[in-house]
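Here is what each chain is made of, one letter per residue.
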Amino acid sequence: MVRVQAVAPGSLGAALGLVPGTELHAVNGRALEDFLDWEFWSADEQFILSATLPGGDAVEYDVERPEELPLGVTLEAPRIRRCANHCDFCFVDGNPAGMRAPLYIRDDDYRLSFRYGNFATLTNLKPWDVERIVEYRLSPLYVSVHATDPTVRRWLLRNPEAPEIVPQLRSLAGQGITFHTQVVLVPGANDGAELVRTLTDLFELGESILSVSVVPVALTEYSKRDLVRELVPEECRAALTLVGRIATRALAERGFPWCYGADDLYLQAGEPLPPAQWYGDFEQRENGVGAVRYLQTQIAAARNRLPDLGGKRIGVVTGAAMGPLMPQVLAEVAAVTGAHFELVVVENTLFGPSVTTAGLLPAAAIEAALRGRDDFDLVLLPAEAVNDDQRFIDNVEAHDLACRLPRPVRLSCDFVDVLVDEEPRAAGPGSAEPGGVFERLTPGRCPGENEGA
Ligand code: SF4
């Protein structure tokens, strides 16, 4: 059974009489277990829907959807599939106490992998899950491989029961499923010869493996640092050399690099990022792969839409990771708009300075960094730092943060989303707006924002 959370006014669902709280049991007699069942079985033009209204009345609807009219039904969030692994580098272990409960959930859910691009390890798949993946064509899936050697992978996942990943991928690939994969690189465990083996095994699985990203392990102050450590720059450079070798082979044999180092790997190695064309369609940008170049392409594409903002002072908040990379991005926006941009690099006071991504910045740290900064006309905050409820990682609402700041703030994914609507600066002293103004312009995910195993 799945339960209705909301029904869009004027939709087919509303016309049927579906209301929040309605329990949807079956479509054409087939029981509904989750949103996937609902979406796949209700996609037909005609079907019988069995439901129970909030008052307890059982109803059977004979639904007709002319021209695939949307039903306008939003379901309650699914119960998340829990992870069966215990990685030493798990971010959940790196959380301090006292945060929002969902942040302590280890999710490893192939359904969210298909829907949102969350990475899953596939270690908790049951036979009927595999059947659904094939039947519903859940493709591409995003898979955390880490290592193809079964012993190394089980060690990394701290899961002696983890099935072998290569036969698993090969079997699903043989049934038409494709994959974007990632390797979280842990020094001394899956780097060097293990990385060569993993990348080679994945490449030789054929074109069903659409891409692989190599991402340096990220730890917080609270991680199990006695068991795992971060890469040093030399190890990052060595990994990039191996990535480059397989990418060269892929370019020759498939016409695209296929294997990508995360932006953070280049940053930690002290090496320049490849050009934007390297990343093709930026398919792993939400995993921090090509995110900077993607941002630059967005700005270049919006060049003609960006207004003249000459004289405006705009603060841009980011984490330490993007600190060295952001000036080249901001230089382009400044050249187009004439505005003066100032980068405000904020240290993560919640997880410690080793956590450098903008997406994990707590509101408290942002507030401290902007305290007294009434010289800005506008401050842009990273949109990926809030969840769908517009709360920062430390549970502060974006609106509350805005009320405590001296100047207007806006959440932005790529600058363009905010700046296209920005008015030129009004003349005269005291013309800047006071604080407390907040708006999220762009719902949904931003580059570099990802979740999952
Ligand atoms: S697979 Fe992901 S969620 Fe599970 S323990 Fe490892 S890092 Fe954590």
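That block above? That's the structure.
Each residue is numbered by its place in its chain's sequence as written, counting from 1. Since the coordinates come from a predicted model, pLDDT governs what is reported: local features require at least 70, and pairs of side-chain atoms require 80 or more to be given and counted, while whole-chain, interface and lining totals use all residues. The side-chain figures draw on all heavy atoms in the structure; neither hydrogens nor water molecules are used.

Whenever I open this one, the side chain of R65 confuses me. Can you help?
On the secondary structure map, R65 appears in the loop between β5 (58–64) and β6 (73–75). Two N or O atoms count as a polar contact when they lie within 3.5 Å, although within protein this holds only if one can serve as hydrogen donor and the other as acceptor, and sequence-adjacent residues are included solely when both atoms are side-chain atoms. Of note is the side chain of R65, whose polar atom sits 2.4 Å from the backbone oxygen of S42. Here a strand is any run of E in DSSP of at least two residues, a helix any run of H or I of at least four, and the numbering for each starts at the N terminus.

Would you take a moment to explain unusual backbone geometry for this structure?
Both trends apply: most residues other than glycine have a negative phi, and most peptide bonds are in trans. Cis geometry is adopted by the peptide bond preceding P140, which originates at S139 and carries an omega value of 0°. Topologically, P140 is positioned in the loop between α4 (127–135) and β7 (141–144). In the Ramachandran plot, H146 falls in the positive-phi region, its phi being about 70° despite a non-glycine side chain. In this model, F415 sits at a positive phi of 70°, which is unusual for a non-glycine residue. By relative accessible area, F415 is classed as buried at 7%. Each residue is assigned to one of three classes by its accessible area relative to the maximum for its type, calculated with a 1.4 Å probe on protein chains only: buried under 20%, partly exposed between the two thresholds, exposed over 50%.

Explain the sheet that holds strand β10 (residues 259–261) here, please?
The pairing of strands in a sheet happens through backbone hydrogen bonds and is either parallel or antiparallel. Strands sit in the order β7-β8-β9-β10 across an open sheet of four strands; the sheet is parallel. The open sheet terminates on both sides in strands that have one partner only, identified here as β7 and β10. Between one strand axis and the next, the sheet turns through 20° on average, direction left out of account. Direction of pairing for strand β8 (residues 179–185) relative to strand β9 (residues 209–216): parallel, over a ladder of seven bridges. What sits directly across from F179, in β9, is I209. The strands touched by helix α6 (residues 165–174) within the sheet are β7, β8 and β9, with β8 carrying the most contacts at an inclination of about 165°. Note on pairing: two strands pair once DSSP finds at least 2 bridges between them. Axis definition: a line fitted to C-alpha atoms, limited for helices to the stretch in contact. Angles are taken between N-to-C directions and run from 0 to 180 degrees. Contacts are assigned to residue pairs with any non-hydrogen atoms lying within 4.5 Å of each other.

Just to check I follow, could you spell out the pairing of strand β12 (residues 340–346) for this structure?
Moving residue by residue along a regular strand, the side chains alternate between the two faces of the sheet. Inspection of the sheet shows strand β11 (residues 313–319) paired to β12 by seven bridges, in the parallel sense. Within β12, the position partnered with I314 by the bridge is F341. When the strands point away from the viewer and the path from the first strand over the helix to the second turns clockwise, the crossover is right-handed. In this fold, β11 hands off to helix α11 (residues 326–337), which returns the chain to β12; that crossover is right-handed.

Even after reading the chapter, I still don't get the packing of helix α7 (residues 193–204) against helix α8 (residues 233–254), so can you show me in this structure?
For any two helices packed against each other, the geometry comes down to the angle between their axes and how far apart the axes lie. Remark: α7 packs on α8, axes separated minimally by 10 Å, with the N-to-C direction vectors making an angle of 20°. The angle between the axes of α7 and α8 places the two elements in the roughly parallel class. You can see that α7 and α8 cross each other, and the crossing is right-handed. For the pair formed by α7 and α8, the contact residues are L195, V196, L199, T200, F203 and E204 on the first element and A239, L242, V243, I246, R249, A250, E253 and R254 on the second. Gly falls in the polar group here, along with every residue not listed as nonpolar (Ala, Val, Leu, Ile, Met, Phe, Trp, Tyr, Cys, Pro) or charged (Asp, Glu, Lys, Arg). Looking at side-chain class alone, the contact of α7 with α8 contains nine nonpolar, one polar and four charged residues. Oblique is the label for every angle not falling under 35 degrees (roughly parallel), over 145 degrees (roughly antiparallel), or within 65 to 115 degrees (roughly perpendicular). When the near helix sits turned anticlockwise from the far one by under a right angle, the crossing is termed left-handed; a clockwise turn instead gives a right-handed crossing.

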